[in-house]
Amino acid sequence: MRPYILAESNWKALKEQKVDLAILPWGATEAHNYHLPYGTDIFEAESIAAEAGRIAWEQGASITVLPAIPFGVNTGQADIKLDINLNPSTQLAIVRDIVEVLNRQGIHKLLIVNSHGGNDFKPILRELGLRFPEMLLVSSNWFQLPDKHQYFDKKGDHADEMETSLILYLKPELVLPLDEAGEGKERKSKIQGIREGWAWSERQWSMVSEDTGIGNPKAATKEKGERFFKVVTEKMAELYLQLAYVDIKNRYE
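These figures come from a predicted structure and were not determined experimentally.

### Overview of the nonpolar core
If you look at the biggest cluster of nonpolar residues, it comprises 32 residues, and the most contacted ones within it are Leu21, Ile23, Ile63, Leu111, Trp142, Phe228 and Tyr240. For this core, the secondary structure elements donating two or more residues are strand E1 (21-26), helix H2 (40-58), strand E2 (63-65), strand E3 (109-114), strand E4 (136-141), helix H5 (161-170) and helix H8 (222-245). In this structure Trp142 touches Glu44, Ile48, Val113, Asn114, Ser115, Met162, Leu166, Phe228, Val232 and Met236, once residues within four positions along its chain are discounted. Grouped together as the second largest cluster of nonpolar side chains are 21 residues, Leu102, Leu110, Phe121 and Ile124 included.

### Focus: the side chain of Asp211
Residue position: Asp211 is located in the loop between helix H7 (205-208) and strand E6 (214-215). Although Asp211 is buried, it forms no salt bridge, and the closest oppositely charged side chain is Lys218 at an N-O distance of 8.1 Å. At 3.0 Å, the side chain of Asp211 forms a polar contact with the backbone nitrogen of Gly184. Not counting residues within four places of it along the chain, the set of residues in contact with Asp211 comprises Asn33, Tyr34, Gly182, Glu183 and Gly184.

### Considerations on the packing of H2 against H8
With their axes 8 Å apart at the nearest point, H2 and H8 run at an angle of 60° to one another. With respect to each other, H2 and H8 are oriented oblique. Considering only the axes of H2 and H8, their crossing is right-handed. When H2 is examined against H8, the residues Ser47, Ile48, Ala49, Glu51, Ala52, Gly53, Ile55 and Ala56 are found in contact with a partner set consisting of Phe229, Val232, Thr233, Glu234, Met236, Ala237, Tyr240 and Leu241. Among the residues forming the contact of H2 with H8, the class breakdown is 11 nonpolar, 3 polar and 2 charged.

### Comments concerning the packing of aromatic side chains
One pass over the full model with this rule turns up 6 aromatic pairs. Here Trp142 and Phe143 contribute two aromatic rings whose centre-to-centre distance is 5.8 Å and whose plane-to-plane angle is 80°, an arrangement assigned as edge-to-face. For Trp142, a relative accessible area of 1% translates into the label buried. On the basis of an interplanar angle of 55° and a centroid distance of 5.6 Å, the ring pair of Tyr169 and Phe229 is categorised as tilted. Here Phe229 lies in helix H8 and Tyr169 lies in helix H5, a separation of 60 residues in the sequence. For Phe229, a relative accessible area of 9% translates into the label buried. Through a chain of ring-to-ring contacts, three or more aromatic side chains come together here, namely Tyr151, Phe152 and Phe228. The ring of Phe43 has Lys171 lying over it, and the distance from NZ or CZ to the ring centre is 5.1 Å.

### Some details on the environment of Thr75
With respect to the helices and strands, the residue Thr75 is situated in the loop between E2 and helix H3 (88-104). Residue class for Thr75 comes out partly exposed when judged on its relative accessible area of 32%. Sequence-wise, Thr75 and Ser115 are 40 residues apart; in three dimensions their C-alpha atoms are separated by 16 Å. Discounting chain neighbours no more than four positions away, the residues touching Thr75 are Asn85, Asn87 and Glu202. In this structure the side chain of Thr75 is engaged in a polar contact, spanning 2.5 Å, whose partner is the side chain of Glu202.

### Concerning H3
The end-to-end C-alpha distance of H3, which contains 17 residues, comes to 24 Å, matching closely the 24 Å that a straight helix rising 1.5 Å per residue would cover. The complete set of buried residues in H3 reads Gln91, Leu92, Val95, Val99 and Leu102. Down the axis, H3 shows its buried residues gathered within 100° of arc, on one side only. In H3, the exposed positions that point more than 90 degrees away from the buried face belong to Ser89 and Arg104. Contact partners of the buried residues in H3: E1, E3, helix H4 (122-131) and E4. Of the residues flanking the end of H3, it is Gly106, one or two places downstream, whose phi is positive at about 80°.

### Details of H8
With 24 residues, H8 should cover 34 Å at 1.5 Å per step; its first-to-last C-alpha distance of 35 Å lies within 8% of that length. Residues of H8 that are buried include every one of Gly225, Phe228, Phe229, Val232, Thr233, Met236, Ala237, Tyr240, Leu241, Leu243 and Ala244, and no others. Buried residues along H8 sit against E1, H2, E2, E3, E4 and H5.

About the cut-offs
- Residues numbered from 1 in each chain as written.
- Predicted model: local features only at pLDDT ≥ 70, side-chain atom pairs only at ≥ 80, totals over all residues.
- Heavy atoms only, no water.
- Core = buried A, V, L, I, M, F, W, Y, C linked by side-chain atoms within 4.5 Å.
- Buried < 20%, exposed > 50% of the residue type's maximum accessible area, 1.4 Å probe, protein only.
- Helix = DSSP H or I, 4+ residues; strand = E, 2+ residues; numbered from the N terminus.
- Contact = heavy atoms within 4.5 Å.
- Lys, Arg positive; Asp, Glu negative; His and termini not counted.
- Salt bridge = Lys/Arg side-chain N within 4 Å of Asp/Glu carboxyl O.
- Polar contact = N/O pair within 3.5 Å; in protein donor to acceptor, adjacent residues only side chain to side chain.
- Axes fitted to C-alpha atoms, helices over the stretch in contact; angles between N-to-C directions.
- Parallel < 35°, antiparallel > 145°, perpendicular 65-115°, else oblique.
- Left-handed = near helix turned anticlockwise from the far one by under 90°.
- Nonpolar A, V, L, I, M, F, W, Y, C, P; charged D, E, K, R; others polar.
- Phe/Tyr/Trp six-rings, centres within 6.5 Å; stacked < 30°, edge-to-face > 60°.
- Lys NZ or Arg CZ within 6 Å of the ring centre and 35° of its normal.
- Expected span 1.5 Å × (residues − 1).
- Arc of directions from axis to C-beta.

Structural data, given as structure tokens:
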């Protein structure tokens with residue numbers, strides 16, 4: 001039993017255990033090019049949240065990592081077979097119910113470890129912050145944590161070299177040979193403001209990518225994934241520790 005993983009814990013251990021911070025990994029179930037599993041975002045969220053939890057726990061933090069939510073916002077992928085969508089309003093309902101439990105039981109800090117680009121928790125946490133003023137609600141996109149271009153050669157944001165390297169490290173038995181992967185070519189918007197990043201419209205996935213990937217994965221290796229995983233989890237553990245120890249009513253300098 002890892003005492004910082006809720007799903008592996010039991011009532012005997014938890015009954016008297018102090019919990020300062022709850023961590024909620026959140027992924028998605030969706031196609032990741034031809035070579036990666038549909039559960040890529042789930043495996044990443046679970047593994048990163050758990051390893052960061054181990055590091056923080058061993059440094060004295062009283063935390064618990066909740067079971068991962070396996071579905072995310074996939075509204076732009078309605079025609080991609082078995083890409084499972086949760087609407088943002090559904091996510092709000094799920095997070096609200098979890099926050100209500102934590103707040104009632106005196107656990108006043110929640111961190112969402114997000115592993116899917118389509119999930120946007122900022123408006124959800126803004127709304128719930130008003131409803132539950134005693135709670136400290138935080139979200140983190142682990143894939144934005146370090147500058148991944150220091151670790152990988154090819155740019156991308158979905159089933160790319162970075163994600164492929166991570167899954168080669170975490171779940172190598174689920175990765176097809178890279179010569180079977182698509183090149184992850186992205187069709188860019190014809191609208192200049194969207195291309196430049198100061199205007200936004202949801203990407204319609206089947207229009208922007210033939211293989212559902214964005215970014216060439218061919219240079220991925222297990223070794224790159226292991227190195228990146230270590231960097232991400234160490235930084236995430238620092239966030240766990242700071243959140244666990246911070247005074248909610250005195251958290252600004």
